[in-house]
Amino acid sequence: MDLRTFLIASAVAHVGFAVAITAHARLTDRDPGNWPYLTLAFGLAGVAGYFFYEETESKLS
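Residues numbered from 1 in each chain as written. Predicted model: local features only at pLDDT ≥ 70, side-chain atom pairs only at ≥ 80, totals over all residues. Heavy atoms only, no water.

> Explain unusual backbone geometry here, please?
Most of the time, phi is negative for any residue but glycine, and the peptide bond is trans. Residue D29 is not a glycine yet carries a positive backbone phi of 55°. By secondary structure assignment, the location of D29 is in the loop between α1 (3-27) and α2 (35-42). The exposed category is assigned to D29, whose relative accessible area is 75%. (Helix = DSSP H or I, 4+ residues; strand = E, 2+ residues; numbered from the N terminus. Buried < 20%, exposed > 50% of the residue type's maximum accessible area, 1.4 Å probe, protein only.)

Structure, rendered in structure tokens:
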């Protein structure tokens, strides 16, 4: 596979992943945060972050 084909395939995949995250967030009433943007930049790492990252609540009050 030449470089141009690889870059096009990667870009299409990253956009598809970002759309999937946005759709999942809307369907589950979940805030997608910055994960769609991170997915555009980092691909599967962004998808994993969206599904496995949980914010911890501050208990300082």
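> Help me out: how do you make sense of the packing of α1 against helix α3 (residues 44-52) in this one?
Helix packing geometry: the angle between the two helix axes and the distance between the axes. Contact geometry for α1 and α3: axes closest at 10 Å, N-to-C directions at 15°. By the angle class used here, α1 and α3 are roughly parallel. For the element pair α1 and α3, the recorded crossing hand is left-handed. In this structure, α1 contributes F17, I21, H24 and A25 to the contact, and α3 contributes L44, G46, V47, Y50 and F51. For the contact of α1 with α3, the per-class residue count stands at 7 nonpolar, 2 polar and no charged. (Axes fitted to C-alpha atoms, helices over the stretch in contact; angles between N-to-C directions. Parallel < 35°, antiparallel > 145°, perpendicular 65-115°, else oblique. Left-handed = near helix turned anticlockwise from the far one by under 90°. Contact = heavy atoms within 4.5 Å. Nonpolar A, V, L, I, M, F, W, Y, C, P; charged D, E, K, R; others polar.)

No statement about biological role is implied by the geometric values presented.
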